[in-house]
Amino acid sequence: MNGKNLTDNKLVVYAASAIGLILLPLVAQYFGNAWVRIIDIALLYVLLALGLNIVVGYAGLLDLGYVAFYAVGAYMFGLLGSTQLTDTFQSIKDVFPNGIHTPWWVVIPLGALLAGAAGVVLGAPTLKLRGDYLAIVTLGFGEIVRVFMNNLDAPVNITNGPKGISQIDDMDIFGLNLGHTHSLFGLDIPKVTNYYFLFLMLVLFAVFICYRLERSRIGRAWMAIREDEVAAKAMGINTRNLKLLAFGMGATFGGVSGAMFASFQGFISPESFSLQESTMIVAMVVLGGLGHLPGVIVGALLLAALPEVLRYVAGPLQEMTDGRLDASILRQLLIALAMIGIMLARPRGLWPSPEHGKAAPQPEVGPPPDDNPGVPQRVTPRTSTVTNTVHGSGARHV
């Protein structure tokens with residue numbers, strides 16, 4: 001009976017959560033589309049944090065260049081969903097006179113595939129690196145990709161350099177253009193709300209994948225590598241292949257997120273993929289709780305929404321000082337102070353994994369139970385056995 005009640009309670013919670021997630025953008029857009037846009041960006045960061053959690057949280061590989069995979073997916077969609085290539089190459093324009101407009105069912109898998117390949121390329125030369133050295137190499141990889149995109153406008157203009165790529169296509173799914181405003185039962189559904197439901201479906205799918213990975217043999221092997229790579233290798237785990245798989249699998253989430261970001265913004269430039277973005281994604285995973293899906297989601301939502309909410313705090317503070325304080329700098333200061341306060345109060349994260357970081361329970365060692373305490377027990381003296389076997393050296397073996 002208790003099991004049935006527990007199941008019913010779970011169904012009620014899931015149903016209430018689903019209704020809440022559906023109504024959330026409809027309520028938010030009543031206060032302005034800017035609030036729905038903040039939620040959209042937060043969902044993109046959740047998708048990025050889930051991907052980085054595979055690398056950092058599960059496998060224990062500190063990756064500070066994760067934003068590079070974000071850039072790979074974004075520029076892939078920017079080139080295949082705009083007139084950038086047709087304006088540069090006449091041969092491509094002859095084939096696609098109206099520009100390359102790749103459908104979504106090609107863009108999303110291709111973004112995941114290219115970013116996953118980039119993850120394997122990054123992971124291959126770093127297999128023997130750990131800790132700080134791995135962090136430095138991945139940091140350099142992220143900056144190399146950004147600089148590469150920033151300078152790939154000469155001698156042949158491919159990425160349009162620092163000017164970026166504009167007029168990127170909106171997502172068109174089964175004839176429904178997400179960039180247009182639609183009407184449902186007399187209620188207008190703008191672009192930001194359309195993309196909210198797309199991002200929400202991708203996040204739910206990513207959560208399902210991460211949940212299954214965490215409880216699979218691969219997930220347990222990643223966690224063994226995280227805790228002690230030498231012991232994992234001694235137990236027969238192929239650490240080389242599993243680390244490459246972690247880099248590739250985590251990068252696929254970044255590639256899909258980048259493609260969604262390019263379509264949502266309609267414009268991309270190298271400044272969108274700076275080192276600050278990468279460190280912010282790492283902070284989301286660490287602040288929420290390494291290796292714990294609910295904690296990672298909470299950390300991503302908090303750090304994605306906090307800067308936008310603090311705009312309404314920094315503005316009045318700037319007015320109180322007669323403009324002596326820059327609002328953007330003050331906002332970053334408030335974010336840093338909030339992060340420091342949270343980490344001091346919750347060193348393992350806002351919602352840490354209940355198992356991670358705890359020692360294994362030790363068995364209790366004590367005297368055997370006394371069946372009849374009223375009768376004195378007989379104590380048998382301990383004796384040693386001596387064998388008189390004489391070895392070739394003349395020594396007796398005891």
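Figured I'd write up the structure that's included with this text.

Reading guide: rules and limits
- Residues numbered from 1 in each chain as written.
- Predicted model: local features only at pLDDT ≥ 70, side-chain atom pairs only at ≥ 80, totals over all residues.
- Heavy atoms only, no water.
- Helix = DSSP H or I, 4+ residues; strand = E, 2+ residues; numbered from the N terminus.
- Buried < 20%, exposed > 50% of the residue type's maximum accessible area, 1.4 Å probe, protein only.
- Contact = heavy atoms within 4.5 Å.
- Areas by Shrake-Rupley, 256 points an atom, 1.4 Å probe, with all protein chains shown as cover.
- Phe/Tyr/Trp six-rings, centres within 6.5 Å; stacked < 30°, edge-to-face > 60°.
- Salt bridge = Lys/Arg side-chain N within 4 Å of Asp/Glu carboxyl O.
- Polar contact = N/O pair within 3.5 Å; in protein donor to acceptor, adjacent residues only side chain to side chain.
- Axes fitted to C-alpha atoms, helices over the stretch in contact; angles between N-to-C directions.
- Parallel < 35°, antiparallel > 145°, perpendicular 65-115°, else oblique.
- Nonpolar A, V, L, I, M, F, W, Y, C, P; charged D, E, K, R; others polar.

1. Let's talk about the overall build of the protein chain
Line of reasoning, step 1. The secondary structure content of the protein chain amounts to 15 helices and six strands.
Line of reasoning, step 2. Within the protein chain, the fraction of its 398 residues that count as buried is 40%.
Line of reasoning, step 3. Partitioning the contacts of the protein chain with sequence separation of at least 6, the portion at a separation of at least 24 is 71%.
Line of reasoning, step 4. If you sum the accessible surface of the protein chain, you get close to 22600 Å²; carbon and sulfur atoms cover 65% of it.

2. Topic: the packing of aromatic side chains
Line of reasoning, step 1. By the definition in use, this model includes twelve aromatic pairs.
Line of reasoning, step 2. A ring pair is formed by Y196 and F197, whose centres lie 5.2 Å apart and whose planes are at 80°; its orientation type is edge-to-face.
Line of reasoning, step 3. Between F199 and F264, the aromatic rings sit 5.7 Å apart at their centres with planes inclined by 70°, giving edge-to-face as the arrangement. Here F264 lies in helix α11 (residues 239-265) and F199 lies in helix α8 (residues 191-214), a separation of 65 residues in the sequence. No difference in accessibility class separates F199 from F264, as the two residues are buried.

3. Examining the pattern of salt bridges
Between side chains of opposite charge, a pair can form as their charged atoms come close.
Line of reasoning, step 1. In this structure the tally under the stated criterion is six salt bridges.
Line of reasoning, step 2. Here E214 and R215 are joined by a salt bridge, their closest N and O atoms 3.5 Å apart.
Line of reasoning, step 3. A relative accessible area of 17% places E214 in the buried class.
Line of reasoning, step 4. Judged by its relative accessible area of 45%, R215 is partly exposed.
Line of reasoning, step 5. A salt bridge links E227 to R226; the nearest nitrogen and oxygen atoms lie 3.0 Å apart.
Line of reasoning, step 6. Owing to a relative accessible area of 22%, R226 belongs among the partly exposed residues under this scheme.
Line of reasoning, step 7. Linked by salt bridges that have partners in common, R130, E229 and K243 make up one network.

4. A short note on the side chain of T102
Line of reasoning, step 1. Its place among the elements puts T102 in the loop between α5 (90-95) and α6 (104-123).
Line of reasoning, step 2. A polar atom in the side chain of T102 sits 2.7 Å from the backbone oxygen of L80.
Line of reasoning, step 3. Each residue touching T102, except ones within four places of it in the same chain, is listed here: L80 and V107.

5. Examining the packing of helix α9 (residues 217-227) against α11
Line of reasoning, step 1. Taken N-terminus to C-terminus, the directions of α9 and α11 make an angle of 105°; their axes are 10 Å apart at the nearest point. In terms of their interaxial angle, α9 and α11 are classed as roughly perpendicular. Judged by residue contacts, I218, A221, W222 and I225 of α9 engage T239, L242, K243, L245 and A246 from α11.
Line of reasoning, step 2. A per-class count over the contact of α9 with α11 returns seven nonpolar, one polar and one charged.

6. So, the environment of P162
Line of reasoning, step 1. Positionally, P162 belongs in the loop between α7 (131-151) and β1 (165-166).
Line of reasoning, step 2. Each C-alpha atom of the pair P162 and N150 lies 5.2 Å from the other, and the pair is twelve residues apart in sequence.
Line of reasoning, step 3. Once you skip the residues sitting within four places of it in the chain, P162 turns out to touch N150, D153, S269, P270 and E271.

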